[in-house]
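# Examining the three-dimensional arrangement
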Amino acid sequence: MEVIITTDEEIGLRAARIVADVVRARGPRAVLGVATGSSPLTTYAELARMVAAGELDFSHASAFALDEYGGLGPDDPRSYAATIREEVTVPLGFDPERVHVPDGAAADLFVAAEEYDVAIREAGGVDVQLLGVGTNGHIGFNEPTSSLASRTRVKVLTEQTRLDNSRFFDHLDDVPTLCLTQGLGTIMEARSVVVLATGESKAEAIAGIVEGPVTAMCPGSILQWHPRTTVIVDEAAASRLRNVDYYRYVQQQLDRMRAERP
Ligand code: F6R
């Protein structure tokens, strides 16, 4: 795992640069894995800037969201489908037909989950996956004790996650209890992964993901088995890491090597 510890402002710039490199290398039909929540917003803003400047083009690319609340359809402003439309589809210039979000309003959520998993595979898999991290170590909505090999499925949200996300709802009671989420096994099939986290509340989860044992109690720790994961965090989110000095040293070396590449 590559760990980049930087400022809040830099996080989005560095993540966007990684996404842009993958997209350019993959070509116009690149497949982007997108997260909702606060963590990727600065990355989307920088990608939108690149698109507006003509440096990047998503008009033939596809995107797959990680998850959706059970019971919320795309017309509900609190749905992840609505968030993705506002934060990703429109500002990054995606063709809406090529942006996919699990169908939280499906008559049968179990079938919708299976179909979503198949759709990702049929699109050729995700080239670069952006991930936020829950305070409990979740990625997507894979809550602690999720199977490390899980596929896209229906999950029950923990009270902690409902509380963390209640800021997007009028009342805690309005936060759905069910969701559809890509599984950990599904996420692991992405060809590269970028994990984003800021703030002290994420410090324990980041320590578990980067340095903890691989355990279903910290679902993001499965990424230690992923060959191309970059973790980009601010000082506060890095504050419980034990090997900080080593990560900074490695980053200096890598930044220099990349700058000097022919
Ligand atoms: C969102 C998602 C979640 C969030 C995580 C962090 O699609 O899958 O795992 O990434 O809960 O949320 P923020 O970034 O709002 O702190």
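Everything below is about the structure shown above.
Residues numbered from 1 in each chain as written. Predicted model: local features only at pLDDT ≥ 70, side-chain atom pairs only at ≥ 80, totals over all residues. Heavy atoms only, no water.

## Comments concerning the sheet that holds strand S5 (residues 99–100)
Selection criterion: When DSSP finds two or more bridges between a pair of strands, those strands are recorded as paired. The secondary structure listing takes helices from DSSP runs of H or I that are at least 4 residues long and strands from runs of E that are at least 2 residues long, numbered from the N terminus. A contact between two residues is defined here by any heavy atoms of the two lying within 4.5 Å. Think of each axis as a best-fit line through the C-alpha atoms, taken over the contacting stretch in the case of a helix, with angles from 0 to 180 degrees between the N-to-C directions.
Spatially, S1-S10-S9-S6-S2-S3-S5 is the arrangement adopted by the 7 strands of the open sheet, whose pairing is parallel. Strands at the two margins of the open sheet, each flanked by one partner only, are strand S1 (2–5) and S5. By the bridge criterion, 2 bridges tie strand S2 (residues 31–34) to strand S6 (residues 128–131) in an arrangement that is parallel. Bridge pairing in S6 links Gly33 to Gln129. Against the sheet, helix H1 (residues 8–26) contacts S1, S2, S6, strand S9 (193–197) and strand S10 (229–233), and its axis sits at roughly 155 degrees relative to S10.

## Concerning unusual backbone geometry
Cut-off, in case you're wondering: Residue exposure (1.4 Å probe, protein chains only): buried if accessible area is under 20% of the type maximum, exposed if over 50%, otherwise partly exposed.
Positive phi, normally seen in glycine, also occurs at Thr145, with a value near 80 degrees. Tracing the backbone through its elements, the reader meets Thr145 in the loop between S6 and strand S7 (153–156). By relative accessible area, Thr145 is classed as exposed at 57%.

## Side note on the pairing of strand S3 (residues 62–65)
Selection criterion: If you view a crossover with the strands going away from you and the path from the first strand over the helix to the second runs clockwise, you call it right-handed.
Because side chains alternate across S3, one face comprises the buried residues Ser62 and Phe64, and the other comprises Ala63 and Ala65, equally buried. With 4 bridges joining them, S2 and S3 adopt parallel strand pairing. Residue pairing across strands places Gly33 opposite Phe64, the latter belonging to S3. Note on the crossover from S2 through helix H2 (residues 41–52) to S3: the handedness is right-handed. With 2 bridges joining them, S3 and S5 adopt parallel strand pairing.

## Quick word on the site of the ligand
Put simply, the rule reads: The near set for a molecule or strand comprises every residue that places at least one heavy atom within 4 Å of it. Each polar contact in these results corresponds to two N or O atoms within 3.5 Å; when the atoms are within protein, one needs to be able to donate a hydrogen and the other to accept it, and residues that are neighboring in sequence are counted only if both atoms are side-chain atoms. Computed with a 1.4 Å probe, the accessible areas rest on the Shrake-Rupley method; for each residue, only the protein chains presented here act as cover. Site definitions follow a grid-based scheme: protein atoms alone, a 1 Å grid, a 1.4 Å probe that fits but cannot get out for cavities, and for pockets an open set with protein on both sides within 12 Å along at least five of seven lines, plus lining residues having an atom within 4 Å of a point. To decide whether a molecule occupies a pocket or cavity, check its atoms: if more than half lie within 2 Å of the grid points, it is inside. Under the scheme applied, nonpolar residues are Ala, Val, Leu, Ile, Met, Phe, Trp, Tyr, Cys and Pro; charged residues are Asp, Glu, Lys and Arg; polar residues are all the others, including Gly.
Neighbouring residues of the ligand: 15 residues in total, closest Ser39, Asp67, His138, Gly140 and Lys202. The contact in question runs from an oxygen atom of the ligand to an N or O atom on the backbone of Gly140, over 2.7 Å. If the ligand stood free it would expose 400 Å²; the protein chains cover 94% of that surface. At a threshold of 2 Å from the grid points, most atoms of the ligand map onto the second largest pocket. Split into classes, the residues belonging to the shell around the ligand amount to 4 nonpolar, 8 polar and 3 charged.

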